[in-house]
Amino acid sequence: MLAVTFSGTGGNEIVRLEERPDPTLSDFEVLVEARYAGVNPADILQRNGSYPVPANAPADIPGLEVGGKVIACGRRATRWRPGDRVMGLVSGGGLADRVAAHEDHLLLAPAGLEEQQVAALPEALITGYDALTQLSCQMGDIVAIRGINGGVGLATAQIAKALGARVLGIGRSTAIVERVRQLRIDACTHEEFAERAQDLGGLDAVVELIGGEFVRDDLAALRLLGRIVVVSVAGGPQCAVPLNVMMGKRARIMGTVLRSRSDAEKSTLFANARKQLGGLLDTQQLAMPVDRVFPAARVADAFDHLAGPGKLGKVLLDFHNAS
Ligand SMILES: NC(=O)c1ccc[n+]([C@@H]2O[C@H](COP(=O)([O-])OP(=O)(O)OC[C@H]3O[C@@H](n4cnc5c(N)ncnc54)[C@H](OP(=O)(O)O)[C@@H]3O)[C@@H](O)[C@H]2O)c1
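Bear in mind the structure is a predicted one, so any value in this text is a computation, not a measurement.

Trainee: Could you give an account of the pattern of salt bridges, naming the residues involved and the relevant values?
Mentor: All told, the structure shown has 18 salt bridges when counted by the stated rule. For Glu33, the salt bridge identified is with Arg98, shortest N-O distance 3.0 Å. Of this pair, Glu33 sits in strand β3 (residues 29-33) while Arg98 sits in strand β7 (residues 98-102), and the two are 65 residues apart along the sequence. The shortest N-O distance in the salt bridge between Arg223 and Asp204 comes to 3.2 Å. Taken together, the positions of Arg223 in strand β13 (residues 222-230) and Asp204 in strand β12 (residues 203-208) put the pair 19 residues apart, joining distant regions of the chain. In this structure Arg223 comes out as partly exposed when scored by relative accessible area, which is 30%.

Okay, structure coming up:
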């Protein structure tokens, strides 16, 4: 197979595209053949040495998601058959054209869903679904999503709207906010956020995809009994939270990670997601803008592009048009 590999930790000098033997399947895994692979900020953190690889993942092949066709099944894997199109999460090894995935950590990709969408959706969709579940998001809630223009932000906004919530996305510039609005997602800049939240009468919930001191602004914008889920600390791991404000609003601030969860926890998450997102996927109500597709050999450029500001949606690698 063709795989992106890391020969240690550092910058793009340790990144290669190489031929490797196909993954060996464990009992409950299936082998997925994929043309496209979604690139994630976590891949760059792993390259830098600041995101340790879980013990059950390939040590030197990054990648957290997969979308493609099942071509082989492990000895005790019964959920899928060769030929099924699936999309889901892996603990590593996703930046390759053949990926081993636990059979329970996959969703069925609807027949009409384009190949790029099958690769672009899984990580963003499952992260957004999980965040909204933790926030107990329901019809009528006002939900802010900070970091709206990335893959997770856009997927979360679509799921929240489908649940009947009102969404306010937050982005870094007026230009990106305008592009998000063209997707029929209400949005504002960080500077406009406090006033917009006040005009809405306060927020029920915030999906915080940047973290750092923004959490203070989130808390200030919450209504009584509001909730915040911190999904990322890309903007910094520290925040001085005024505990008196938190107490007065009886607010809850939660944190979450997906990658390090146990197989059993991920299986439960996928079982619930299958029930609750299946209909939205089948009726094509969820779509992920693809910001840019890079030939797999240009993975270093893809990392640099992902790390820069102003993207709209996902960055993909193409393993068919690899060089
Ligand atoms: N906890 C988990 O299990 C989990 C799962 C999936 C993803 N994540 C994390 O969630 C975040 C969103 O994921 P994604 O796939 O949507 O990433 P993405 O496509 O790279 O989008 C990141 C978003 O955050 C904004 N952003 C990043 N750093 C920022 C900063 N320092 N200041 C202001 N804005 C900043 C970006 O704005 P610009 O475009 O202007 O840079 C963009 O809106 C990532 O940090 C990712 O690592 C966590």
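Trainee: Before we move on, can you summarise the domain arrangement of the protein chain with the specific residues and values?
Mentor: Interface extent is often summarised as the accessible area lost during association of the parts. Split into domains, the protein chain comes out as domain 1 (2-121 + 261-318) and domain 2 (125-255). The C-alpha-based centres of domain 1 and domain 2 are spaced at 26 Å. Across the contact, 24 residues belong to domain 1 and 18 residues belong to domain 2. Where domain 1 abuts domain 2, roughly 1700 Å² becomes buried across the two surfaces, and 69% of that area is made up of carbon and sulfur atoms. Counting every contact that joins domain 1 to domain 2 gives one salt bridge. As a salt-bridge pair, Asp130 and Arg261 come within 2.6 Å of each other at their nearest N and O atoms.

Trainee: Hey, could you go over the site of the ligand for me, with residue numbers and the actual values?
Mentor: Around the ligand there are 23 residues in total, and Asn149, Val152, Arg172, Ser232 and Leu258 lie nearest to it. Contact between the ligand and Val231: a nitrogen atom at 2.9 Å from a main-chain N or O atom of the residue. For the ligand, an oxygen atom lies 2.9 Å from a polar atom in the backbone of Gly310. Summarising the interface, the protein chains cover 85% of the accessible area of the ligand, which totals 910 Å² for the free molecule. When contributions to the shell around the ligand are tallied by element, the ones reaching two or more residues are α3 (122-134) and α4 (151-162). Looking at the shell around the ligand residue by residue, the classes come out as ten nonpolar, ten polar and three charged. Residues from two domains meet in the shell around the ligand; each of domain 1 (2-121 + 261-318) and domain 2 (125-255) gives at least three.

Trainee: Outline the packing of aromatic side chains, supporting the account with residue identities and numerical values.
Mentor: Two aromatic rings are characterised by how far apart their centres lie and by the angle between their planes. Evaluation of the coordinates by the stated rule reveals one aromatic pair. Positioned above the aromatic ring of Tyr51, the side-chain terminus of Arg259 is 4.8 Å from the ring centre.

Trainee: So what's going on with the nonpolar core? Which residues, and what values?
Mentor: Among the nonpolar cores identified, the biggest contains 49 residues, and Met87, Leu107, Leu125, Ile126, Val143, Ile145 and Val207 are the most heavily contacted of them. Contributions of two or more residues to this core are made by β6 (85-89), α2 (115-120), α3, β9 (142-146), α4, α5 (174-181), β12 and α9 (263-282). Viewed by domain, this core spans two of them, domain 1 (2-121 + 261-318) and domain 2 (125-255), each represented by three or more residues. Those residues in contact with Leu125 that sit more than four places away from it in its chain are Met87, Leu107, Ala155, Ile159, Leu277, Leu281 and Leu286. In this structure, Leu2, Val39, Ile44 and Leu95 belong to the second largest nonpolar core, which totals 19 residues.

Trainee: Can you break down α5 residue by residue, with the values?
Mentor: Within an α-helix, residues lying three or four positions from one another point in the same direction, as the helix has 3.6 residues per turn. Among the residues of α5, those classed as buried are Ile176, Val177 and Val180. The arc that holds every buried residue of α5, seen down its axis, measures 105 degrees, which confines them to one face. Relative to its buried face, α5 has exposed residues pointing more than 90 degrees away, namely Thr174 and Ala175.

Trainee: Describe the packing of α3 against α4, listing the residues and the values that go with them.
Mentor: Direction vectors running N to C along α3 and α4 enclose 55 degrees, while the axes themselves pass 8 Å from each other. With respect to α4, the element α3 is oriented oblique. Between α3 and α4 the crossing geometry is right-handed. Across the interface between the two elements, Ala124, Leu125, Thr127, Gly128, Tyr129 and Leu132 of α3 pack against Gly151, Val152, Ala155, Thr156, Ile159 and Ala160 of α4. Its residues assigned to classes, the contact of α3 with α4 comprises eight nonpolar, four polar and no charged.

Cut-offs used in this document
- Residues numbered from 1 in each chain as written.
- Predicted model: local features only at pLDDT ≥ 70, side-chain atom pairs only at ≥ 80, totals over all residues.
- Heavy atoms only, no water.
- Salt bridge = Lys/Arg side-chain N within 4 Å of Asp/Glu carboxyl O.
- Helix = DSSP H or I, 4+ residues; strand = E, 2+ residues; numbered from the N terminus.
- Buried < 20%, exposed > 50% of the residue type's maximum accessible area, 1.4 Å probe, protein only.
- Domains from an automatic or database assignment.
- Contact = heavy atoms within 4.5 Å.
- Buried area = accessible area lost by both parts, 1.4 Å probe.
- Near = heavy atom within 4 Å.
- Polar contact = N/O pair within 3.5 Å; in protein donor to acceptor, adjacent residues only side chain to side chain.
- Areas by Shrake-Rupley, 256 points an atom, 1.4 Å probe, with all protein chains shown as cover.
- Nonpolar A, V, L, I, M, F, W, Y, C, P; charged D, E, K, R; others polar.
- Phe/Tyr/Trp six-rings, centres within 6.5 Å; stacked < 30°, edge-to-face > 60°.
- Lys NZ or Arg CZ within 6 Å of the ring centre and 35° of its normal.
- Core = buried A, V, L, I, M, F, W, Y, C linked by side-chain atoms within 4.5 Å.
- Arc of directions from axis to C-beta.
- Axes fitted to C-alpha atoms, helices over the stretch in contact; angles between N-to-C directions.
- Parallel < 35°, antiparallel > 145°, perpendicular 65-115°, else oblique.
- Left-handed = near helix turned anticlockwise from the far one by under 90°.

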